[in-house]
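# Structural features, examined
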Amino acid sequence: MTTHAPAPPGAPAPDRARDTVPRPRRTPARAASVFLSTHPRTRLALLLSAPLFWLGVVYIVALVLLLVTAFWTVDSFTGEISQEWTLDNIITVLTGSLYQTVTLRTVGVALLVTLIDVVLALPIAFFMAKVATPRMQRILVIAVLTPLWASYLVKAYAWRSVLSQDGILEWLVTPFGGQTIGYGLPATIITLSYLWLPYVILPIYAGLERVPDSLLEASADLGGRTWPTVRFVVFPLVLPAIIAGTIFSFSLSLGDYITVNIVGGASQMLGNLVYTNVGAANNLPLAAAIALIPIVIIFGYLFLVRRTGALDNL
Amino acid sequence: MTDQQPAIRLAGLTKEFGAVTAVDHVDLEIAAGEFFSMLGPSGSGKTTVLRLIAGFEQPTSGTIELFGEDVTKRAPFDRDVNTVFQDYALFPHMNVLDNVAYGLRVRGIGRKERNERAMRALSSVRLEQLAGRKPSQLSGGQRQRVALARATVVQPKVLLLDEPLGALDLKLREQMQVELKQIQRDLGITFIFVTHDQEEALTLSDRIAVFNDGRIEQLGTPTDLYERPESRFVADFVGTSNLFDEERSRSILGRDGHHSVRPEKMTVTRDGLVGDGVRNVPGTVVEAIYLGSGVRLVVDLDDGTRVTVLEQNVRDRAHDDERGDRVVVSWHDDDVVPLGAAVLPGISG
């Protein structure tokens, strides 16, 4: 039989000794691995106990303490916090015209910042995800991320210098008869838009990346020009990503108090009121009550957003 | 050829991606109402040609005519051709009905009318009961049919199909082949079908262009390609072939040039066959593979040439051949196909 059948080409007789694969050795680490791989609950407990402990103590407890503090009061004579339950702080915050004005201003600033960021981020993210070459794409991602490496304070002060009386903006617009906008709410909105722009670009970019090119081609193929394609295909598919981006810019703007201090002139936002009450006024309970405002607003926003399904995409 | 305009005319069509020439001076005419297949291995340029016709890519040079009209510079949404995508490309956020109605919607047709037309298109692929589902809730075959309905509802002059059956399992694929053929006959429009599956191309097509390295290697009917392959590449790619190079052709077939013989045209017996033009060559069975409908025998002829023989599983099959059996392989001289001069080096037989 073997005399007739030609040997398959290039197949030498197998070397049995060399082909032997040694069995794995038994070590304590291996025994532990075996134990863990057959006990999923132990595995889960070991994996999660440390982070859950951290989350519980550092996050939840601190937050709950803050909320509880809002229902306490300060002895105006001694400055000591007295742990009597009262709704006074909440009522002050809800009815005081100062708080109402500042709340409206803060929400207005946060909404405008969010709007500006989305309008700026959409074309940038679209270019990054769908137009740029892979090389250009990497360069742009780095360009978007780089400002995040610089200190927040430095960036805010950079804008202060740009907007100052003898700053770059003044120098740029003087030939056209303009002048710098100076410090105030517009300057705050510009600076905050700049600070949070990367946080809006990145989720929208990631969302667009996940829209297959073939869907855009299919839309064009079926007769859809640019605008119908954007309106019926791209926008509905990236809406969750856009909303994810707005959560960042909106909530970060709501809580900000440094930028408005640096470029906001005399304007105050909720963060400033918190800061003043903790520091100069030594009224921690009132500060806690003010801090509840942005928390409630953000929860309201998240509740609205949840109904769009955007949170599934965070 | 009638004096009617061809549905598609490609002239000197070339597409380069950087240093790579994906499509190399392709000239091609596809008749109206034809079921035309572009067959080739991956990277042969067949899909690029399809994308050029659809308008997703711009050619480096050459022109594309649609019923005599030059559409080379037109955007995809200005061409009367529609595509069934390989991954179907259904819009995931729309239900089946909205997907099918999309082409009508962007043309500004009112909701009531577009839904009616979309329903009619859906019923032609027997999916009207799934109109409210999302694409993610459909099976592969159902998605395939939605994609087909979506592309045909806007009444294109030419339908482009990019490996539409590639993702389906064998049974469903065969069923969809029959359906595609029926739909094409009903609509009476030109289908251009891209596939790497030679059996699918042979089953469906009126004509087939075999692509290799960005060029058309051979153009013809399924019978032409199978019975009279003009090159070693086509003989090898369309079905399987026993290829004989110049040296073996001379020693075994007694002819000059390259030749091929189909496995099913060969017979294996103990003592050989008698008859005019019958050639008997002794050899040894190397492998006998049972296929159900037949047996594939790999035989080494005595000069070392390895051939494959396909024996039908018929009732009077004389014997079972086993590894090592001495046999005689026979074929008729008429079944020896001479291959053209265009022999590609480096394609193994």
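Presented here is a report on the structure given in the accompanying data block. (Residues numbered from 1 in each chain as written. Chains lettered and ligands numbered in written order. Predicted model: local features only at pLDDT ≥ 70, side-chain atom pairs only at ≥ 80, totals over all residues. Heavy atoms only, no water.)

### A word on the overall build of chain A
Rules: The helix and strand labels rest on DSSP assignments: H or I over at least four residues marks a helix, E over at least two residues marks a strand, and numbering proceeds from the N terminus. For the radius of gyration, the atom set is restricted to C-alpha positions; the globular benchmark scales as 2.2 Å times the number of residues to the power 0.38. Burial classes follow relative accessibility: with a 1.4 Å probe on protein chains only, a residue under 20% of its type's maximum area counts as buried, one over 50% as exposed, and anything between as partly exposed. Residues count as neighbours in contact if any of their non-hydrogen atoms are within 4.5 Å of one another.
Across its full length, chain A carries 14 helices and two strands. Its C-alpha radius of gyration of 29 Å places chain A more than 25% over the 20 Å reference for a compact globule of 314 residues. Principal-axis analysis of the C-alpha atoms gives chain A an extent of 110 × 60 × 40 Å. The buried share of chain A, taken over its 314 residues, is 36%. By sequence separation, contacts in chain A at least 24 residues apart represent 66% of the contacts at least 6 residues apart.

### Some remarks on the pattern of salt bridges
All names here are of chain B. Convention followed: Just to be clear on terms, a salt bridge is a Lys or Arg side-chain nitrogen sitting within 4 Å of an Asp or Glu carboxyl oxygen.
All chains considered together, the criterion is met by 25 salt bridges over all chains. Note that arginine 51 and glutamate 57 form a salt bridge whose closest N and O atoms lie 3.2 Å from each other. For glutamate 57, a relative accessible area of 18% translates into the label buried. One salt bridge connects aspartate 224 with arginine 228, and the closest N-O pair in it is separated by 3.0 Å.

### Topic: the pairing of strand E3 (residues 35-39) of chain B
Residue and element names in this part refer to chain B. Here is the rule: Should DSSP find at least two bridges between two strands, the strands are regarded as paired.
For E3, the tally of buried residues reaches five of five residues, placing the bulk of the element in the interior. Across five bridges, E3 lies against strand E8 (residues 190-195) in parallel orientation. Opposite phenylalanine 36, over in E8, you have isoleucine 192 as the bridge partner. Sheet topology note: the E3/strand E9 (residues 207-212) ladder contains four bridges and is parallel. Looking across to E9, one finds that serine 37 is bridged to isoleucine 208.

### Concerning the sheet that holds strand E17 (residues 326-332) of chain B
All names here are of chain B. To be explicit about the condition: As a rule, the C-alpha atoms of each element are fitted with a line to give its axis, helices using only the stretch in contact, and angles between N-to-C directions run from 0 to 180 degrees.
Here five strands make up an open sheet; going across it, the order is E13-E17-E14-E15-E16 and the pairing antiparallel. Two strands close off the open sheet at either side, each with one partner strand: strand E13 (267-269) and strand E16 (306-312). Direction aside, the axes of adjacent strands within the sheet are offset by 45° on average. Looking at chain direction, strand E15 (residues 294-301) and E16 are connected through seven bridges and run antiparallel. Each bridged residue has a counterpart across the sheet, and for aspartate 300 the counterpart in E16 is arginine 306. Across the sheet, helix H9 (residues 246-253) is in contact with strand E14 (278-290), E15 and E17; its angle to E14 comes to roughly 115°.

### Considerations on unusual backbone geometry
Residue and element names in this part refer to chain B. With a phi angle near 50°, phenylalanine 67 is a residue other than glycine that sits in the positive phi range. Note on placement: phenylalanine 67 falls in the loop between strand E4 (61-66) and strand E5 (69-70). With phi around 70°, tyrosine 88 is a residue other than glycine that occupies positive phi space. Note on placement: tyrosine 88 falls in the loop between strand E6 (81-84) and helix H2 (96-105). On the basis of relative accessibility, which here comes to 6%, the residue tyrosine 88 falls in the buried class.

### Here we look at the interface of chain B and chain A
To keep it simple, the criterion reads: Simply put, the buried area is the total loss of 1.4 Å probe accessible area from both parts when two parts are fitted together.
Taken residue by residue, the interface counts 30 residues in chain B and 20 residues in chain A. Interface area for chain B against chain A, summed over the two sides, is near 2200 Å², with a carbon-plus-sulfur share of 63%. By the criterion of area lost to chain A, the three top residues of chain B are Phe77, His93 and Tyr102 of chain B, representing 25% of everything that side buries. Between the two partners, chain B and chain A, sit two salt bridges.

### A closer look at the side chain of serine 214 of chain A
Assignment of secondary structure puts serine 214 of chain A in helix H10 (residues 213-221). Those residues in contact with serine 214 of chain A that sit more than four places away from it in its chain are Phe85, Asp87 and Ala89 of chain B.

### Things to note about the side chain of asparagine 115 of chain B
Mapped onto the secondary structure, asparagine 115 of chain B falls in helix H3 (residues 111-124). Among all residues touching asparagine 115 of chain B, those that are not within four sequence positions of it are Leu97 and Ala101 of chain B.

### Here we look at the packing of aromatic side chains
Our working rule: Pairing of aromatic rings covers Phe, Tyr and the six-membered ring of Trp, with a centre-to-centre limit of 6.5 Å; geometry is then stacked below 30 degrees between planes, edge-to-face above 60, and tilted otherwise.
In this structure the tally under the stated criterion is 14 aromatic pairs over all chains. For the pair tyrosine 152 of chain A and tryptophan 196 of chain A, a centre-to-centre distance of 6.0 Å together with 35° between the ring planes defines the contact as tilted. Of this pair, tyrosine 152 of chain A sits in helix H7 (residues 152-163) while tryptophan 196 of chain A is found in helix H9 (residues 185-209), placing the two residues 44 residues apart along the sequence. A residue is classified by how much of its surface remains accessible, and tyrosine 152 of chain A, at 21% relative accessible area, is partly exposed. On the numbers, 6.2 Å between centres and 35° between planes, the contact of phenylalanine 244 of chain B with tryptophan 331 of chain B is tilted. In this pair, phenylalanine 244 of chain B sits in strand E11 (residues 242-244) while tryptophan 331 of chain B sits in strand E17, placing the two residues 87 residues apart along the sequence.

That is the geometry; function is a separate question.
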